[in-house]
Amino acid sequence: MAVEEQRAGSRVSRPENRLVRRGFTDPARAVRLLEGPGLEGLADDPVLLDALGATADPDLALLGLARLLEAADEADRHTLRDTLTTSKPLRDRLLGVLGVSTALGDHLARHPHDWHVLVTFELRDMHPGPEDFRRALAEGVRDDLSLGPANALRVAYRRCLLAIAARDLTGTTDLAQAAAELADLAGATLQTALDLAAEQDPEAAAACRLAVIGMGKCGGRELNYVSDVDVIFVAEPREGVEEHDAVRAATRLAAALTRLCSDTTGEGTIWPVDANLRPEGRNGPLVRTLASHLAYYQRWAKTWEFQALLKARPVAGDAELGAAYVEALAPMVWQAAARENFVADVQQMRRRVVDSIPATELDRQLKLGPGGLRDVEFSVQLLQLVHGRTDPALRSGNTLEALAALSRGGYVGRADAASLDTAYRFLRSLEHRIQLYRLRRTHLMPTAEEDLRRLARSLAALINDDTRADPVAALQREWKRHAVEVRRLHEKLFYRPLLDAVAELPPGATGLTPEAARARLEALGYADPAAALRHLSALASGVSRKAAIQRTLLPVLLGWFAESADPDAGLLNFRQVSDALGRTPWYLRLLRDESAAAEQLARVLSAGRLAPDLLLRAPEAVAMLGDPQGLEPRGRAALQSEVLAAVGRAGSTRAAVAAARSVRRRELFRTAAADVLGRLGDDPAEALDTAGEALTALNAATLGGALRACVAGWEADHGDLPTRISVIAMGRFGGHELGYGSDADVLFVHEPLLGSLEEEAARAAQAVCHELRSQLGAPSTEPPLLVDADLRPEGRSGPLVRTLASYAAYYRRWSHAWESQALLRAEPVAGDEELGARFRQLIDPLRYPGGGVPERDVMEIRRIKARIEAERLPRGADPTTHTKIGRGGLADVEWTVQLLQLRHGHELPGLRTTRTRAALAAARAGGLVEPEDAEVLDAAWVLASRVRAAVMLVRGRPGDSFPGEARELAGVARYLGYGSGHSGELLDDYRRTTRRARAVVDRLFYGVG
């Protein structure tokens, strides 16, 4: 009995084993299907089994075949069985489709007679064109009238799709031909749908001429199996018809066409017709006349709209009108690269696409992700639009044809073009196979093992690795290899030929002509292409190791420079830094091996003048960019320690102060670079506060070191200094709100040592403080620190230094309201700490008077403020954009806050601070300012302060107004987070913010309203 059972088991296992060897994963079910209806007698047919085993998914192919045979009538089943066993081409096509697409298997199960198309299409024409598809669709609609026009059209469309897929999957056509046939089928479908719409609405058809313009992949004859079909509708009235009547009629036809293709019926959906690329998108009219289209594109169109029109092609409707549309718009398309910010706009659009991808999908996106299809398409289109202005050979809407033309013209190297072509074909083929499975629009790599296995087997001919051992792993490796190559070439394509144009080319290489290189640089946004080419030649020419490394780095660096507001400055600055450090081994190694350091350097060098100027004075500071903590702000204690150590090592007063200034220059670069790179904080207000604290700490340490040096110099000549000196910070310095261009406002206070003569002590203090100011502001390779003591009693007419007792006597007898207001920001920062603390004790009753400031002083403060507004605004300055004393600017907010401090500081401890934002927050917490008013004032102060910082960073010199030069204004806007071309939006936002702040100032400071 056991032997018989064993023999029975072996009889069952042998056919299953044969199926497993052929690639079946569920042999038991396969055996049942082979023994079921329709497949009787074929279970042992080695030809059929081998053919099934050669498909992408033998189990899926067998299931589809069983369903087809079961659904067919008896006569057709007999014909199919005979053809299946005797005709290898038919067998390969049918099983190839069934092994890849469950959706097309479902179609054949519903319409079993449609398998004949796999024979008839081959016999009719190996490469069917638009007319073949139109004829097939018309015949299908006519023959299946019982289904209704919409369903009949869907069935006929799927029948044609079946034929395209069969020839694609068996290698009868390549990717480009299959994509072209899909686009031709789409055009034929649109035409058939339009014919049906005209039959249903003959009145509309008689009133207008309507052309359907294919866009996107349909226009480029490179369509996917499943995709939205992008179109634009253009209409003209027929003779005797008013234009508005014709447009209404055309709109009815276009809407009916869209419904026939897009709506879901019993046979599903063909594909959505997407007309959102039309002027004004979904908010614009569905149909326009040709004149209306031209008027829109001439006045309002954005760069991306011209990029989209590159693929425009008439696909249905009135052919003459469609041709006129394309001909009329072509000149605008091929001049788009001359538009301001053209390349920046295109690159920004690509970044927005990547940023919009959900994080969970980023690594699975074949189309939109880094290294995906869109990288290829954007690179090719960008090069076409730049060079197609002068080279008509590049004006193709098809990606692969355009890439070949770019290679022939020398705009892309032959090897790079071939590599990109191969990668694009693989990625598109992979996308096609994914979509074919269920005929769903998707660009995501699946994650299920069985899906990946089916894809790998269907693409075995395109995969370099042997897929037999582990097809899934082989597919993953091939996909990642192509994605990395696409990303590399995407970053290189637009910039590498520029180097070839100026460097010594290897034998057989093809580079851009100087004219083409200049055109490309101009399109990238370089204002002086000739100078840029000279810089590239100086950097990349020659056979030295330095030149070789530069040729590797420059394509990416040029891209980063081009994304800035001033690429010319970025390239020039890079050349100057490289000239200074190019022979230093660590510099080139840093840029080559640390991609983050190279990118940071490019961003810093092209963001404005201040940071590059500081760097060029001591280029070794580049090393900071390679240190992960290199740009973190340093505390005051660390800075003081370093400055004092440097001063202590110097041999003279001048050398000691120079050493302190050198430390300050390096730390200024650290802060400016961190600011430009967004490393000071995620929130703009937080970043502003961090920069203010860093600059305050730096200036305090510099003053402390310079004071130590000047005291030591005096003592070297005269003996011990007979007095103690303290430096009191005032204004923005005392408020920890310094900007990059701020002077150091200070007061000097001294106190004679016990036993010293007051006159002798005063002369010594005067000499030391005068020397300190002179040394810190003297011409030098280091940036000056201008020490301003004009806020002292009696201003410039008074002594530079006073004793503590002298200050007390002056404030007791002569002090004005504005001096009490100025003292609100007084804070000791250098010199004798005990003396500084006593000075603070002296002035606290003045700045926080008991009972508040008298009303007469309030009136005086208001009068002074009004006078400043009327008299101090520079001639020609716009009061709505002057950041300091303009409407709602810094002075408005600061004087409002300071008046609150004078009035309520004695009763509200939180107001006893030198910082504007902290005092405003305390006034809000104390109920002195409504929360919404406090937010308005804070927003205006932060924005005005950031604008001043941006102006200094961009121009390299301080300024209180927005720059008048467009490129500088663009740099300010970019620092503040506005994209390319949005400088006007920045100005609008600034005016709106400060206008609201001024309304609050009028109420709180002036008591108006």
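Residues numbered from 1 in each chain as written. Predicted model: local features only at pLDDT ≥ 70, side-chain atom pairs only at ≥ 80, totals over all residues. Heavy atoms only, no water.

Draft legend 1. Structural view of the overall build of the chain. Check the secondary structure of the chain and you find 45 helices and 10 strands. Seen through its C-alpha atoms, the chain measures out along the principal axes to roughly 130 × 80 × 70 Å. Pairs at least 24 apart in sequence give 72% of the contacts found in the chain among residues at least 6 apart. Per element, the accessible surface of the chain, about 42,400 Å² overall, is 50% carbon and sulfur. Taken together, the 128 basic and 137 acidic charged side chains of the chain have centroids lying 3 Å from each other. (Helix = DSSP H or I, 4+ residues; strand = E, 2+ residues; numbered from the N terminus. Contact = heavy atoms within 4.5 Å. Areas by Shrake-Rupley, 256 points an atom, 1.4 Å probe, with all protein chains shown as cover. Lys, Arg positive; Asp, Glu negative; His and termini not counted. Charge placed at Lys NZ, Arg CZ, Asp CG, Glu CD.)

Draft legend 2. Region of the structure containing the nonpolar core. By size, the foremost hydrophobic cluster in this structure holds 212 residues, and its most contacted members are Tyr297, Leu309, Leu430, Leu475, Phe574, Leu703 and Phe748. It is helix 34 (residues 684–718) that contributes the most residues to this core, 16 residues altogether. Those residues in contact with Leu309, other than ones at most four positions away along the chain, are Met215, Ile232, Tyr297, Tyr325, Leu329 and Val333. Membership of the second largest hydrophobic core comes to 89 residues, among which are Leu108, Ala136, Ala165 and Ala246. (Core = buried A, V, L, I, M, F, W, Y, C linked by side-chain atoms within 4.5 Å. Buried < 20%, exposed > 50% of the residue type's maximum accessible area, 1.4 Å probe, protein only.)

Draft legend 3. Quick look at helix 2 (residues 27–34). What helix 2 keeps buried is the set Pro27, Ala30, Val31, Leu33 and Leu34. Around the axis of helix 2, the buried residues are gathered within 165 degrees of arc, so they sit on the same side. (Arc of directions from axis to C-beta.)

Draft legend 4. Summary view of the packing of aromatic side chains. Applying the stated criterion to the full structure yields 11 aromatic pairs. A centroid spacing of 6.4 Å and a plane angle of 90 degrees characterise the contact between Trp586 and Tyr587, whose relative ring orientation is edge-to-face. In this structure Trp586 comes out as partly exposed when scored by relative accessible area, which is 29%. Measuring from ring centre to ring centre gives 5.2 Å for Tyr807 and Phe839, while their planes differ by 85 degrees; the resulting arrangement is edge-to-face. Residue Tyr807 is found in helix 37 (residues 804–813), and its partner Phe839 is found in helix 39 (residues 833–847); the two are separated by 32 residues along the sequence. For Phe839, a relative accessible area of 0% corresponds to the buried category. One aromatic cluster is present, built from ring pairs that chain together Tyr807, Tyr810, Tyr811 and Phe839. Positioned above the aromatic ring of Trp479, the side-chain terminus of Lys480 is 3.9 Å from the ring centre. (Phe/Tyr/Trp six-rings, centres within 6.5 Å; stacked < 30°, edge-to-face > 60°. Lys NZ or Arg CZ within 6 Å of the ring centre and 35° of its normal.)

Draft legend 5. Summary view of the side chain of Arg91. Within the element layout of this structure, Arg91 appears in helix 6 (residues 88–98). Although buried, Arg91 forms no salt bridge, and the nearest oppositely charged side chain, Asp92, lies 4.7 Å from it. The residues touching Arg91, leaving out its near neighbours within four places in the chain, are Val47, Ala51, Leu84, Thr85, Thr86 and Gly96. (Salt bridge = Lys/Arg side-chain N within 4 Å of Asp/Glu carboxyl O.)

Draft legend 6. Geometry of the pattern of salt bridges. Within the structure shown, the criterion is met by 69 salt bridges. Residue Asp878 is joined to Arg991 by a salt bridge in which the shortest nitrogen-to-oxygen separation is 3.2 Å. Remark: Arg991 occurs in helix 45 (residues 983–1004) and Asp878 occurs in the loop between helix 40 (855–871) and helix 41 (890–904); sequence separation between them is 113 residues. Judged by relative accessible area, which is 30%, Asp878 ranks as partly exposed. What emerges from the salt-bridge pattern is a single network uniting Arg634, Glu642, Arg666, Glu667 and Arg670.

Draft legend 7. Up close: the pairing of strand 2 (residues 229–237). Within strand 2, eight of the nine residues are buried, which leaves the element mostly enclosed by the surrounding structure. Across two bridges, strand 2 lies against strand 3 (residues 273–274) in parallel orientation. Bridged to Val229 within strand 3 is Val273. For the crossover that starts at strand 2, traverses helix 14 (residues 243–262) and ends in the parallel strand 3, the hand is right-handed. By the bridge criterion, three bridges tie strand 2 to strand 4 (residues 287–289) in an arrangement that is parallel. Its bridge partner being in strand 4, Phe233 is matched across the sheet by Val287. (Pairing = 2+ DSSP bridges. Right-handed = clockwise from strand over helix to strand, strands pointing away.)

Draft legend 8. Layout of the side chain of Arg825. By secondary structure assignment, the location of Arg825 is in the loop between helix 38 (817–823) and strand 10 (827–831). Owing to a relative accessible area of 8%, Arg825 belongs among the buried residues under this scheme. For Arg825, the side chain forms a polar contact with the side chain of Glu894, separated by 3.4 Å. Aside from chain neighbours lying at most four places away, what touches Arg825 is Ala729, Met730, Gly731, Arg732, Gly734, Gly735, Glu737, Arg847, Glu894, Gln898, Thr914 and Thr916. (Polar contact = N/O pair within 3.5 Å; in protein donor to acceptor, adjacent residues only side chain to side chain.)

Draft legend 9. Molecular detail of unusual backbone geometry. Phi is positive for Glu280, close to 70 degrees, though the residue is something other than glycine. Locating Glu280 in the fold gives a position in the loop between strand 3 and strand 4. Of note, His736 is a non-glycine position whose phi angle comes to about 60 degrees, a positive value. Relative to the helices and strands, His736 resides in the loop between helix 35 (731–734) and strand 7 (744–752).

Draft legend 10. Structural view of the packing of helix 22 (residues 449–458) against helix 23 (residues 471–493). Between helix 22 and helix 23, whose axes approach to 8 Å, the crossing angle comes to 70 degrees. Our classification of the angle between helix 22 and helix 23 gives roughly perpendicular. Contact residues: Glu449, Leu452, Arg453, Leu455 and Ala456 in helix 22; Pro471, Val472, Leu475 and Gln476 in helix 23. Its residues assigned to classes, the contact of helix 22 with helix 23 comprises six nonpolar, one polar and two charged. (Axes fitted to C-alpha atoms, helices over the stretch in contact; angles between N-to-C directions. Parallel < 35°, antiparallel > 145°, perpendicular 65-115°, else oblique. Nonpolar A, V, L, I, M, F, W, Y, C, P; charged D, E, K, R; others polar.)

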